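Observations on the model geometry
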Amino acid sequence: QVQLVESGGGLVQAGGSLRLSCAASGRTFSSDAMAWFRQPPGKEREFVAVVTWSGGYYADSVKGRFTISRDNAKNTVYLQMNSLKPEDTAVYYCAAGAVSRVGLVGSYSYWGQGTQVTVSS
């Protein structure tokens, strides 16, 4: 059974930092895309960042503030979030899979349960 388990969410003041982790089990994703999406309150889930064999790619809204990385030995992907803003408040989801359209929610077969990130002003 494949599982993705996120951790590291919480409450932080604007300008602060958080590091999210997503540990995968049940299969190896070293050759696949591993991504982060988020769902702000009352809005649809949106792409945040993805790491593939060719590197990391980011949504414009987080570029320069967030960094995605992976540790294939641990089957884990991370999201370092700096200079957080209140508009970053959302449930953050980890996703993984062999996808071609990395920014689309529907491309991913495997999802975590989500972790809440709240940024206060």
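This report concerns the structure included in the present document. (Residues numbered from 1 in each chain as written. Predicted model: local features only at pLDDT ≥ 70, side-chain atom pairs only at ≥ 80, totals over all residues. Heavy atoms only, no water.)

**Remarks on the environment of Ala23**
As for its placement among the helices and strands, Ala23 is situated in strand E3 (residues 18–25). Taking the C-alpha atoms as reference points, Ala23 and Glu6, separated by 17 residues in sequence, lie 6.6 Å from one another. With near-sequence residues (within four places) excluded, Ala23 lies in contact with Gln3, Leu4, Val5, Asn75 and Thr76. (Helix = DSSP H or I, 4+ residues; strand = E, 2+ residues; numbered from the N terminus. Contact = heavy atoms within 4.5 Å.)

**A word on the nonpolar core**
Proteins that are soluble and globular tend to have nonpolar side chains buried together. Ranked by internal contacts, the top residues of the largest apolar core, which has 33 residues, are Trp36, Val48, Phe66, Val77, Leu79, Met81 and Tyr92. Mapped onto this core, the elements with two or more residues apiece are E3, strand E4 (33–39), strand E5 (46–52), strand E7 (66–71), strand E8 (76–81), strand E9 (90–97) and strand E11 (115–120). Non-local contacts of Leu79, meaning those with residues more than four positions away in its chain, are made with Leu18, Arg19, Leu20, Trp36, Val48, Ala49, Phe66, Thr67, Ile68 and Tyr92. (Core = buried A, V, L, I, M, F, W, Y, C linked by side-chain atoms within 4.5 Å. Buried < 20%, exposed > 50% of the residue type's maximum accessible area, 1.4 Å probe, protein only.)

**A closer look at the state of the cysteines**
Among covalent bonds in proteins, the disulfide is the one between the sulfur atoms of two cysteines. The tally for this structure, following the rule as stated, stands at one disulfide. The disulfide partner of Cys22 is Cys94, and the gap between their sulfur atoms is 2.1 Å. Note on the Cys22 and Cys94 pair: the S-S dihedral is about -75°, so by sign convention the disulfide is left-handed. Here Cys94 lies in strand E9 and Cys22 lies in strand E3, a separation of 72 residues in the sequence. Comparing Cys22 with Cys94, the two get one shared label, buried. (Disulfide = S-S within 2.5 Å.)

**Describing the sheet that holds E7**
The strand order across the open sheet formed by four strands is E1-E3-E8-E7, and the pairing between neighbours is antiparallel. The open sheet terminates on both sides in strands that have one partner only, identified here as strand E1 (3–7) and E7. Direction aside, the axes of adjacent strands within the sheet are offset by 15° on average. Relative to E8, E7 is paired through six bridges, and the arrangement is antiparallel. Bridge pairing in E8 places Thr67 opposite Gln80. (Pairing = 2+ DSSP bridges. Axes fitted to C-alpha atoms, helices over the stretch in contact; angles between N-to-C directions.)

**Things to note about the pattern of salt bridges**
Pairing between side chains of opposite charge can happen when their charged atoms approach one another. Per the counting criterion, the structure on display carries five salt bridges. Arg27 serves as the salt-bridge partner of Asp32, at 2.4 Å between the closest nitrogen and oxygen. Asp32 sits in the buried class, given a relative accessible area of 9%. When salt bridges with common partners are traced through the structure, they connect Arg38, Glu46, Arg65 and Asp88 into a single cluster. (Salt bridge = Lys/Arg side-chain N within 4 Å of Asp/Glu carboxyl O.)

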